[in-house]
Amino acid sequence: AAERLVQVIAMGGHADFGPSTPRQTDLLRYLQQRFGHVSCERVCSGIGLPNIYTFLKEEGFAPEPAWLAALLAGEDVDPTPPIVNAALNPAAGDDLCVETLRMFVTIMGSEAGNLALKVLATGGVYLGGGIPPRILPALSDGTFMESFRSKGRLRDVLIDVPVYVITNPRVALVGAAAFGFD
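The present account deals with the structure reproduced in this document. It should be emphasised that the depicted structure is a prediction, and the values quoted were computed from it without experimental measurement.

Take the pattern of salt bridges next. Enumeration over the complete set of coordinates arrives at six salt bridges. For the salt bridge of glutamate 99 with arginine 102, the shortest nitrogen-to-oxygen distance reads 2.7 Å. Taken together, the positions of glutamate 99 and arginine 102, both in helix α6 (residues 95-119) and three residues apart, correspond to about one turn of that helix. Since its relative accessible area comes to 9%, glutamate 99 is described here as buried.

Further remarks concern the environment of leucine 31. Note that leucine 31 resides in helix α2 (residues 22-35). Classification of leucine 31 as buried rests on a relative accessible area of 0%. Spatially, the C-alpha atom of leucine 31 lies 9.1 Å from that of isoleucine 52, the residues being 21 residues apart in sequence. In contact with leucine 31, not counting residues within four places along its chain, are Gly36, Val38, Arg42, Val43 and Asn51.

Attention now goes to α6. With 25 residues, α6 extends 36 Å from end C-alpha to end C-alpha; this agrees with the ideal 36 Å at 1.5 Å per step. Where α6 ends, the next residue or the one after it, leucine 120, has phi of about 50 degrees, a positive value.

This brings us to the packing of α2 against helix α3 (residues 48-59). When two helices pack together, their arrangement is given by the angle between the helix axes and by the axis-to-axis distance. The contact between α2 and α3 brings their axes to 10 Å, and the two run at 105 degrees. With respect to α3, the axis of α2 lies roughly perpendicular. Residue-level inspection shows Arg23, Asp26, Leu27, Tyr30, Leu31, Arg34 and Phe35 of α2 in contact with α3, the latter providing Asn51, Ile52, Thr54, Phe55, Leu56, Glu58 and Glu59.

Taken as a whole, this structure holds three aromatic pairs when the rule is applied. Look at tyrosine 126 and tyrosine 164: their rings are 4.8 Å apart centre to centre, the planes differ by 25 degrees, and that puts the pair in the stacked class. Taken together, the residues tyrosine 126 in strand β1 (residues 125-127) and tyrosine 164 in strand β2 (residues 163-165) connect sequence positions 38 residues apart. Between phenylalanine 144 and phenylalanine 148, the aromatic rings sit 6.1 Å apart at their centres with planes inclined by 20 degrees, giving stacked as the arrangement. Placement of the pair is phenylalanine 144 and phenylalanine 148 together in helix α9 (residues 143-149), with a separation of four residues, close to one helical turn.

The contact between helix α5 (residues 80-88) and α6 brings their axes to 8 Å, and the two run at 100 degrees. Classified by the angle between their axes, α5 and α6 sit roughly perpendicular to one another. The residues of α6 that touch α5, namely those facing Ile83, Ala86, Ala87 and Leu88, are Cys97, Val98, Thr100 and Leu101. Here the contact of α5 with α6 is composed, by residue class, of seven nonpolar, one polar and no charged.

Cut-off values and rules
Residues numbered from 1 in each chain as written. Predicted model: local features only at pLDDT ≥ 70, side-chain atom pairs only at ≥ 80, totals over all residues. Heavy atoms only, no water. Salt bridge = Lys/Arg side-chain N within 4 Å of Asp/Glu carboxyl O. Helix = DSSP H or I, 4+ residues; strand = E, 2+ residues; numbered from the N terminus. Buried < 20%, exposed > 50% of the residue type's maximum accessible area, 1.4 Å probe, protein only. Contact = heavy atoms within 4.5 Å. Expected span 1.5 Å × (residues − 1). Axes fitted to C-alpha atoms, helices over the stretch in contact; angles between N-to-C directions. Parallel < 35°, antiparallel > 145°, perpendicular 65-115°, else oblique. Phe/Tyr/Trp six-rings, centres within 6.5 Å; stacked < 30°, edge-to-face > 60°. Nonpolar A, V, L, I, M, F, W, Y, C, P; charged D, E, K, R; others polar.

And the structure:
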């Protein structure tokens, strides 16, 4: 039964992406042209950051820095770490990466808020995976929580719902071990 629960949770990322702003609607259209179906995973995961980055770059939001273009042109380069690092480094002054991360955090907040409403998660929502621990400053500036709570007349339902970031990189192993001892 626990294995089935993990599969169901993992498949939730493949639910449809529901934009909540005009720019997110443009992102949806852009990704539909490239992929057809656009799941939350296409915008709200490690692969989502490069998708948002490419959209904003091609939309002409801001120029791509030459150093980043050269780095991303390399073979077998995961674009997510350099995009995140540039976004979190104020000295880099990279507007494209900053907006990419801001849009990502907004989408993540909205989707987490949707989930909290769907399951009435009054005890809290836990953000796991590799990205949230790496972007703690971006999750802490208020953008995430504003998007999380931006649910119209149900905003008050989410006002007191806490959101936690799982920072233990071994949490999946701890959970598997606990399950094995039952």
